[in-house]
Amino acid sequence: MKKKYCLYLNNGINFHYSGLTYCNKLWQDHSFQKYEQNYLKIFFEKRESTLSDAKDGIYPEHCQKCLYLKEVDENFHIDNKIKFIEIYHWNQCNCACVYCSNRETTKLEISKGRKHKGVINLLDNLKELQKQDRLSKNVEISLVGGEPTILHEFPKLLKFFIKNKYTVNILSNGIFYEKYITKTIKTNPNSSICISLDCASKENFKKIKGVDEFDNVVKNIKRYIKDTKDLSNKVIIKYIILKGLNDTKEEIDNWIKLCISIGVTNFFPSIEFCHSVKNPEKSELTQEICDLYEYMKSKIKEYNSEYTISTYDFVEDIIKNHSYKIR
Ligand SMILES: C[S@@+](CC[C@H](N)C(=O)[O-])C[C@H]1O[C@@H](n2cnc3c(N)ncnc32)[C@H](O)[C@@H]1O
């Protein structure tokens, strides 16, 4: 029996809005540990039992087809400390993106710092994990959703991450400029912000994101790039190719030109995947979209081979292996 390892199963925790789980990958099962009495304790008991099974080669069913479960060398050392923390414990946002799986529930929350009923205090949880000595020295945090800059604890959380020198990857819509994000990028190695701009015009932005904030977001991207100085490569700009909305070479070319004009050097091509993977029958992935994805990558490199192209492993996998139905 070959030894296997998964970064998320062995070393991950996901504070999801439905409860605690190991990962937030597309193939996850949904046996969340709800935020009810003693949830941390119960979660870690279940985790221990799962990891003990994993040592004997028995993995949760949803892990079987997941590309993050990898064969490793017999000598590969597996420890079970938490290295990867995904933060998705709420889903309020000041955008209503067409591709968002929480679009109907976000209620387009636009005020910053409002405390929401039923949302757990994350800082307390992270301090508790530290106290219980469950965290590795090299923790990597991903702030996945809703919009982090409007989360009431956000500045406090970032101060905590800065103090502990954790690597932090922040996904934001860029509507609010947050000075602690700049500070985190400058002080915590390998930290980044990724902003999903998804288009090159005010009109398309409104259609895709549901709000009239294109100019403001472009202005904030410029500001992050200026303020992070020689680390501006850690400001990553994303483009999700969406059928009928931004799926033309012209829009892609204009987006690349706009990004270059404001100093972007790290580009993130993507496709819509949440809805499609959950419901492959309604998948909007077409061969044209796959071709545009590859076109975007090569066009960026044509401008400058030194530019960084960030991608999701599983999107590359979907595109290359057509691992879900293509129309
Ligand atoms: C859940 S969003 C929310 C975080 C933040 N408010 C933002 O706008 O980036 C996190 C990331 O997932 C991406 N995303 C959301 N829904 C998606 C979908 N259906 N397909 C592909 N990417 C998606 C967004 O582009 C964003 O980069």
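A. Region of interest: the overall build of the protein. Regarding its fold elements, the protein presents 11 helices and 11 strands. For the protein, whose C-alpha radius of gyration is 20 Å, the value lies close to the compact-globule estimate of 20 Å for 327 residues. Across its three principal directions, the C-alpha atoms of the protein cover 55 × 40 × 40 Å. When burial is assessed residue by residue, the protein has 35% of its 327 residues classed as buried. Summarising the internal contacts of the protein: among those between residues at least 6 apart in sequence, 73% fall at separations of at least 24.

B. Region of the structure containing the environment of Val98. The topology assignment puts Val98 in the loop between strand S5 (82-88) and helix H3 (122-131). For Val98, a count of 16 C-beta atoms within 10 Å puts it in the partly exposed group. In this structure the C-alpha to C-alpha distance between Val98 and Gly210, which are 112 residues apart in sequence, comes to 7.5 Å.

C. Broad picture of the pairing of strand S8 (residues 192-196). Within S8, 5 of the 5 residues are buried, which leaves it mostly tucked inside the rest of the structure. In S8, alternate side chains face the same way, and those of Ser192, Cys194 and Ser196 on one face and Ile193 and Ile195 on the other are all buried. Examined bridge by bridge, strand S7 (residues 167-172) and S8 share 4 bridges and lie parallel to one another. Each residue of the ladder has a partner; that of Leu171, found in S8, is Cys194. In this region the chain leaves S7, passes through helix H5 (residues 179-187) and returns to the parallel neighbour S8; the handedness of that crossover is right-handed. Across 4 bridges, S8 lies against strand S9 (residues 235-241) in parallel orientation. Its bridge partner lying in S9, Ile195 is registered against Ile237.

D. View of the environment of Cys63. Tracing the backbone shows Cys63 in the loop between helix H2 (39-55) and strand S4 (70-72). Look at Cys63 and you get buried, because 22 C-beta atoms sit within 10 Å. In this structure Cys63 touches Cys6, Leu9 and Leu69, once residues within four positions along its chain are discounted.

E. A look at the site of the ligand. The ligand sits among 20 residues. The nearest are Tyr99, Gly145, Asn173, Ser196 and Cys274. Among the secondary structure elements, those contributing two or more residues to the shell around the ligand are S7, S8, S9 and helix H9 (274-278).

F. Seen up close, the pairing of S5. For S5, the buried fraction is high: 5 of the 7 residues fall into the buried class. Here strand S2 (residues 12-16) pairs with S5 via 5 bridges, running parallel. By the bridge assignment, Gly12 is partnered in S5 with Phe84. Inspection of the sheet shows S5 paired to strand S6 (residues 135-143) by 5 bridges, in the parallel sense. Opposite Ile87, over in S6, you have Leu143 as the bridge partner.

G. Focus on the nonpolar core. Ranked by size, the top nonpolar core spans 74 residues in total, and within it Leu9, Ile141, Ile193, Ile221, Ile237 and Trp255 carry the most contacts. Sort the elements by how many residues they give to this core and S9 lands first, with 6 residues. When residues no more than four places from it in sequence are discounted, the contact partners of Ile221 are Gly174, Ile195, Val235, Ile237 and Ile262.

H. Structural context of unusual backbone geometry. The backbone phi angle of Asp198 is positive, close to 65°, even though this residue is not glycine. Within the element layout of this structure, Asp198 appears in the loop between S8 and helix H6 (202-209). Of note, the phi angle at Lys229 is positive, near 50°, even though the residue is not glycine. Locating Lys229 in the fold gives a position in the loop between helix H7 (214-228) and S9. Given 10 C-beta atoms within a 10 Å radius, Lys229 is considered exposed.

I. Representation of the domain arrangement of the protein. Assigned domains of the protein: these are domain 1 (3-72) and domain 2 (82-321). Opposite the 14 residues of domain 1 that make contact, domain 2 presents 21 residues. Within the residue set of the side of domain 1 that touches domain 2, elements represented by two or more residues are helix H1 (7-11) and S2. The dominant element in the side of domain 1 that touches domain 2, judged by the number of residues it contributes, is S2, at 5 residues. Classifying every residue of the side of domain 1 that touches domain 2 gives 9 nonpolar, 5 polar and no charged.

J. Inspection of the packing of H3 against helix H4 (residues 154-164) at higher detail. Running from amino to carboxyl end, H3 crosses H4 at an angle of 25°, the nearest separation of the two axes being 10 Å. It follows that H3 is roughly parallel to H4 by the angle criterion. Between H3, through Leu122, Leu123 and Leu126, and H4, the contact on the second element is made entirely by Lys156, Leu157 and Phe160. Looking at the contact of H3 with H4 residue by residue, the classes come out as 5 nonpolar, no polar and 1 charged.

Rules used in this analysis
Residues numbered from 1 in each chain as written. Predicted model: local features only at pLDDT ≥ 70, side-chain atom pairs only at ≥ 80, totals over all residues. Helix = DSSP H or I, 4+ residues; strand = E, 2+ residues; numbered from the N terminus. Rg over C-alpha atoms; globule rule 2.2 N^0.38 Å. Buried ≥ 20, exposed ≤ 12 C-beta atoms within 10 Å, placed from the backbone. Contact = placed C-beta atoms within 7 Å. Pairing = 2+ DSSP bridges. Right-handed = clockwise from strand over helix to strand, strands pointing away. Near = placed C-beta within 6 Å. Core = buried A, V, L, I, M, F, W, Y, C linked by C-beta atoms within 7 Å. Domains from an automatic or database assignment. Nonpolar A, V, L, I, M, F, W, Y, C, P; charged D, E, K, R; others polar. Axes fitted to C-alpha atoms, helices over the stretch in contact; angles between N-to-C directions. Parallel < 35°, antiparallel > 145°, perpendicular 65-115°, else oblique.

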